[in-house]
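Coordinate inspection notes
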Amino acid sequence: MLRHALDHTLPEIAELTGAPVPTVKSRVLKAEETLRKLIRRDLNLGRPNP
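A few points on the structure. Being a predicted model, the structure only gives us computed values, none of them experimental.

Rules and cut-offs
Residues numbered from 1 in each chain as written. Predicted model: local features only at pLDDT ≥ 70, side-chain atom pairs only at ≥ 80, totals over all residues. Heavy atoms only, no water. Helix = DSSP H or I, 4+ residues; strand = E, 2+ residues; numbered from the N terminus. Rg over C-alpha atoms; globule rule 2.2 N^0.38 Å. Buried < 20%, exposed > 50% of the residue type's maximum accessible area, 1.4 Å probe, protein only. Areas by Shrake-Rupley, 256 points an atom, 1.4 Å probe, with all protein chains shown as cover. Lys, Arg positive; Asp, Glu negative; His and termini not counted. Charge placed at Lys NZ, Arg CZ, Asp CG, Glu CD. Core = buried A, V, L, I, M, F, W, Y, C linked by side-chain atoms within 4.5 Å. Contact = heavy atoms within 4.5 Å. Salt bridge = Lys/Arg side-chain N within 4 Å of Asp/Glu carboxyl O.

Attention now goes to the overall build of the protein. The helix and strand tally for the protein stands at two helices and zero strands. Here the C-alpha atoms of the protein give a radius of gyration of 15 Å, more than 25% beyond the 10 Å that 2.2 N^0.38 yields for 50 residues. The principal-axis extents of the C-alpha atoms in the protein amount to approximately 45 × 20 × 10 Å. When each of the 50 residues of the protein is scored for burial, the buried share is 10%. When the accessible area of the protein is evaluated, it comes to approximately 4,400 Å², of which 60% is carbon and sulfur surface. For the protein, the centre of its 9 positive side-chain charges and the centre of its 6 negative side-chain charges are spaced 10 Å apart.

Bringing the nonpolar core into the picture now. Counting five residues, the largest nonpolar core is built from Ile13, Ala14, Ala19, Val24 and Val28. Counting only elements with at least two residues in this core, the list comes to helix H1 (10–17) and helix H2 (21–43). Excluding anything up to four places from it in sequence, Val24 contacts Leu10, Ile13, Ala14, Thr17 and Ala19.

Moving on to unusual backbone geometry. For Asp7, which is not glycine, the phi dihedral falls at a positive 60°. By the secondary structure assignment, Asp7 is in the segment before H1.

Side-chain pairs of opposite charge can arise whenever the charged atoms involved come near each other. Within the structure shown, the criterion is met by two salt bridges. Measuring nitrogen to oxygen at the nearest pair gives 3.9 Å for the salt bridge that ties Arg36 to Glu33. In this pair, Arg36 and Glu33 are both assigned in helix H2, three residues apart and thus about one turn of the helix distant. Here Asp42 ties to Arg41 by a salt bridge, and the two come within 3.2 Å at their closest N and O atoms. With a relative accessible area of 43%, Asp42 lands in the partly exposed category.

The topology assignment puts Lys25 in helix H2. The spacing of Lys25 and Pro11 is 14 residues in sequence and 9.3 Å in space, taken between C-alpha atoms.

Quick look at the structure:
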């Protein structure tokens, strides 16, 4: 939310959350990957299995 919806930079998020910048970067990347997987899963709901 802080990164994409509110457009905060990684250093700003680090300051807001009290987490180091590398941790923030790792968490943002993990969240993006999780979101991608969920979107792919939802897009495939209406498709028949091959």
